[in-house]
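Here is how the chains run, residue by residue.
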Amino acid sequence: MEPLIRMVGITKTFPGVKALDNISFDILPGEVHMLIGENGAGKSTLMKILSGVYQPTSGKIICNGHEYSELTTKTSQDEGIAIVYQELSVINELSILENLFVGKLMTKKRFGLPVVDYKGMLEKARTVLDQVGLKHDPSTLVGDLAIPDKQLCEIAKALVSGAKVIVLDEPTTSLTTSEVERLHGLIRELKKQGCGIVYISHKMKELHQIGDRITVLKDGTYVGTYPASEVTLDDLIRLMVGREISGTYFAEESAEELMTHPVIFEAKDITRADGTCRHVSFQLHEGEILGFAGLVGAGRTETMEAIFGAVPRQSGQVFLKGKELTIHEPYAAIKQGIGMLTEDRRKLGFAKNFSCKQNISLAPFIKTSTMGGLGGMLDPASEQKWADEQVAALSIKCTSPDQMTVNLSGGNQQKVILGKWMAAESEVLIFDEPTKGIDVGSKSEIYILMRRLAQQGKGVLMVSSEQTELLSVCDRIAVFRDGELKDILEGKTATEEEIVKISTGE
């Protein structure tokens, strides 16, 4: 079968860094080709070359029989290539219809002059929206859609442009189980129509659920391409990271034994004014990691935001080592030893225009500041000291602490965020979806760091939508439903089925 796309000998060099080294990759009609590797392996760079965002240093790209030394974004689109990025590029202020036809309005002749063909666009939009299962009127503002529907809008936009190759970059990161199944169903339909799908994912179980072939990249080099049916997850992990990855990260003691340890942190009757969490109470013991499970919107993150002071509490108390804390805003939380690694790290976790050094020093500067942050926010010597210590302690892979944080891989960005809380000597750390969009090797490092923090006497709270993650890391798991904490399970003995039953009420 002739490939839709062939990339041959692709090399890409940035100043001082070889991001890709002689990579070859092809896409067949009617297949899902999984592209995997650790953060920084070169997956996104390779796809940006395919989309025309980057130009290769050397190599060639063959599309539909046409050979190119490089593609522009227009040439890529003309050759039927579309990319749905993890960070969606829809325009919230425009309608679904307007988003579908941005930059490619349909026209017709009227009195010999070209005019916009709104009727033709509406007919085509309805056909494509029905195809992807997006059940909204084309006039609906995209800003009013949920994340999964925005993603379907992106895929519909690709189909409107006549795409024959669709690249999906981490498409299920923010989706629930039912939404993932819906997306996978759409992908199977596109396969039947002869589309080639490139699927980038860090969720290892998806590789065999949806993939036909799997290509592994490591450190910018090509490791190999394998039929999905012929390689195990353990094989793929070894190929990606070059080492064995531990299956569990529990404390040596049982949950029962940990419960006899002193209480580090306690939340009593936490209730938000908007009702998204109600009467939530729990205790965290020295040496344990307490996990929080539940469906999206069940109240897990909402509770953590209320504890951290990001949103106002209607009622409730927070205690650190027996002392009640007064927290009405994040500044007070930081000053009193609470840190929070937010789910959306690129939007809320770090300053994009700051270096690693500057981001790491943010929290300790706030912790030591005076007059509500007006004093004590500049100390170059301390800034350098904090950065050097955390880069070394957390093994942050950067050219130097002065490298821009935004240019690091996802796993290393997460380490920078953790570094700022460690530099601030935070006593309790809230990890909200800590491994979202992070490869399996970096996930393992994050879990090990979390366990080390718990062993050092820090309080560790972990919110995650991945049940397997909670079941391999957390000593106890608090399960939420409809804004309330319904039960707390022992991590070593709990099952996915138990968590699902409690979180859904079935």
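Here the structure is a predicted model, which is why all the values come from computation and not from measurement. (Residues numbered from 1 in each chain as written. Predicted model: local features only at pLDDT ≥ 70, side-chain atom pairs only at ≥ 80, totals over all residues. Heavy atoms only, no water.)

As summarised here, the arrangement of the six strands in space is 18-19-20-15-21-22, forming an open sheet in which the pairing is mixed. The two strands at the open ends of the sheet, each matched to only one other strand, are strand 18 (338-341) and strand 22 (484-490). Each neighbouring strand pair of the sheet contributes to a mean axis angle of 20 degrees, computed without reference to strand direction. The pairing of strand 21 (residues 476-481) with strand 22 spans six bridges and is classified as antiparallel. Across the sheet, Arg481 pairs through a bridge with Glu484, a residue of strand 22. Helix 10 (residues 300-308) rests against strand 15 (289-293), strand 18, strand 19 (428-432), strand 20 (459-463) and strand 21 of the sheet, and its axis sits at about 145 degrees to strand 18. Contacting strand 15, strand 19 and strand 20, helix 16 (residues 440-455) crosses the sheet at an angle of about 145 degrees to strand 20. (Pairing = 2+ DSSP bridges. Helix = DSSP H or I, 4+ residues; strand = E, 2+ residues; numbered from the N terminus. Axes fitted to C-alpha atoms, helices over the stretch in contact; angles between N-to-C directions. Contact = heavy atoms within 4.5 Å.)

A few words on the packing of helix 15 (residues 410-423) against helix 16. Where helix 15 contacts helix 16, the two axes come as close as 10 Å, and the packing angle between them is 15 degrees. Of the possible angle classes, the one that applies to helix 15 and helix 16 is roughly parallel. Relative to helix 16, the crossing made by helix 15 is left-handed. For the pair helix 15 and helix 16, the contacting residues are Gly411, Gln414, Lys415, Leu418 and Met422 in the first and Ser442, Glu445, Ile446, Leu449 and Leu453 in the second. Among the residues making up the contact of helix 15 with helix 16, the classes are represented as five nonpolar, three polar and two charged. (Parallel < 35°, antiparallel > 145°, perpendicular 65-115°, else oblique. Left-handed = near helix turned anticlockwise from the far one by under 90°. Nonpolar A, V, L, I, M, F, W, Y, C, P; charged D, E, K, R; others polar.)

All right, on to the pairing of strand 11 (residues 213-218) then. Burial within strand 11 is extensive, with five of its six residues counted as buried. Sheet topology note: the strand 11/strand 12 (residues 221-227) ladder contains six bridges and is antiparallel. What sits directly across from Leu217, in strand 12, is Tyr222. Once strand 11 ends, the chain turns through two residues before running back antiparallel as strand 12, passing Asp219 with a positive phi of about 50 degrees. (Buried < 20%, exposed > 50% of the residue type's maximum accessible area, 1.4 Å probe, protein only.)

Note that all results are geometric; they support no functional claim without further evidence.
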